[in-house]
Amino acid sequence: MALDDLDPRMPYQLAMPGEAQSDIVIPAVLPEDDRVWVPQAENVWFRPLCLNASQGYWVNLLKVTRAGILSRHRHTNPVHGYVLKGRWKYLEHDWVAEEGGYVYEPPGETHTLTVPEDVEEMITLFQVNGLMLYVDPWGKALGFEDVFTKIDMCRKHYTDCGLGAGFVDQFIR
Ligand SMILES: [Fe+2]
């Protein structure tokens, strides 16, 4: 049968592969219920969207208010970011991430995220691969985060706030 003979609007007729994971659909990435935001540090929260344990990455919204700082850290793998709200910068760079903008962070990047005085809060979608290594100003390791520590933080917070430990499961693949 030639390609032209096929109805382009005919859906795929077969089952998805048996080993394929289920999709994740989140109608509103900005949650109505503030408890969905997981506290990470003073004036810093994250909202999980996809916690990909099988491939070692996570997609989340990061929210930082004026007084907040995301501690100095080094990336072992790439990061993709899209700014939904506000504006922020890294102490280590001159450029400013603006609302509507995209940022790529290559492996090897070490930086400290801050929000300027005139911005009430910023919200950015980040896809973070591999490991975030928290370091001192000279690169000495102080701690780390990966998809597994993120899952643990979610589970603990969702238990404490009443959403339940199982609330995080919908984001895990
Ligand atoms: Fe980073």
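The structure under discussion appears in the preceding block.
Criteria and cut-off values
Residue numbers here run from 1 along each chain, matching the order of that chain's written sequence. Local features in a predicted model are, by the rule used here, given only for residues with pLDDT of at least 70; side-chain atom pairs are given and counted only at 80 or more, and totals for whole chains, interfaces and linings are based on all residues. Each side-chain value is derived from all of the structure's non-hydrogen atoms; neither hydrogens nor water enter the calculation. Only DSSP runs of H or I covering at least 4 residues are called helices, and only runs of E covering at least 2 are called strands; the numbering of each starts at the N terminus. Between two residues, a contact is recorded if the distance between any of their heavy atoms is within 4.5 Å. Stacked, tilted and edge-to-face are the three classes assigned to paired rings of Phe, Tyr and Trp, where Trp is represented by its six-membered ring and a pair needs centres within 6.5 Å; plane angles under 30 degrees give stacked, over 60 edge-to-face, the rest tilted. Each residue is placed in one exposure class: buried if its accessible area under a 1.4 Å probe, protein chains only, is under 20% of its type's maximum, exposed if it is over 50%, and partly exposed if it falls in between. Multiplying one less than the number of residues by 1.5 Å gives the expected span of a helix. Under the rule applied, a polar contact is a pair of N or O atoms within 3.5 Å (in protein, one hydrogen donor and one hydrogen acceptor; residues adjacent in sequence only if both atoms are side-chain atoms). In this description, a donor is an N, O or S atom within 2.8 Å of the metal centre, a cutoff extended to 3.2 Å for sodium, potassium and calcium. Water is not part of the atom list, which can make sites seem incomplete. To define a nonpolar core, start from buried Ala, Val, Leu, Ile, Met, Phe, Trp, Tyr and Cys residues and group those joined through side-chain atoms within 4.5 Å. Cysteine sulfur atoms are paired as a disulfide whenever they come within 2.5 Å of each other.

Enquirer: I'd love a proper account of the side chain of Thr114, names of residues and values included.
Expert: Summarising the element assignment, Thr114 is placed in strand E9 (residues 110-114). Those residues in contact with Thr114 that sit more than four places away from it in its chain are Gly68, Ile69, Trp88, Lys89 and Leu91.

Enquirer: Which residues make up the packing of aromatic side chains, and what values do they have?
Expert: Counting across every chain of the model gives six aromatic pairs. Taking 4.9 Å as the distance between ring centres and 70 degrees as the angle between the ring planes, the aromatic pair formed by Trp88 and Tyr90 counts as edge-to-face. In this pair, the class of Trp88 matches that of Tyr90, namely buried. Ring geometry for Tyr90 against Trp95: centres 5.6 Å apart, planes inclined by 85 degrees, an arrangement best described as edge-to-face.

Enquirer: Give me the lowdown on helix H1 (residues 147-161), citing residues and values where you can.
Expert: Each turn of an α-helix holds 3.6 residues, which means side chains three or four residues apart point in the same direction. In this model, H1 (15 residues) spans 21 Å end to end at C-alpha, consistent with the 21 Å of a helix rising 1.5 Å per residue. For H1, the complete set of buried residues consists of Val147, Thr149, Lys150, Ile151, Cys154, His157 and Tyr158. Buried residues along H1 sit against strand E1 (38-41), strand E2 (44-52), strand E3 (57-65) and strand E12 (141-145). Between the side-chain oxygen of the N-cap and the backbone nitrogen of Phe148 there are 3.0 Å, and the N-cap of H1 in question is Asp146.

Enquirer: How would you sum up the coordination of the iron ion? Please name residues and give values.
Expert: A four-donor tetrahedral metal ideally has 109.5 degree angles, and a six-donor octahedral metal ideally has angles of 90 or 180 degrees. The protein atoms that coordinate the iron ion are His73 (NE2), His75 (NE2) and His111 (NE2), at distances spanning 2.1 to 2.2 Å. Ordering the donors of the iron ion by residue number gives the pattern H-x1-H-x35-H. Highlighted residues: His75 in strand E4 (residues 69-75) and His111 in strand E9, separated in sequence by 36 residues. Each of the two residues, His75 as well as His111, counts as buried.

Enquirer: How would you sum up the nonpolar core? Please name residues and give values.
Expert: If you look at the biggest cluster of nonpolar residues, it comprises 29 residues, and the most contacted ones within it are Leu51, Leu62, Trp88, Leu113 and Phe126. Judged by nonpolar contacts, the second largest core, of seven residues, contains Trp37, Tyr57, Val59 and Ile123.

Enquirer: Just give me the short version of the state of the cysteines, but keep the residues and values in it.
Expert: Within the structure shown, the criterion is met by zero disulfides. With no disulfide of its own, Cys154 has Cys161 as its nearest cysteine by sulfur position, at a separation of 10 Å. Among the residues examined, Cys154 registers a relative accessible area of 0% and is labelled buried.

Bear in mind that shape data such as this cannot, by itself, settle questions of function.
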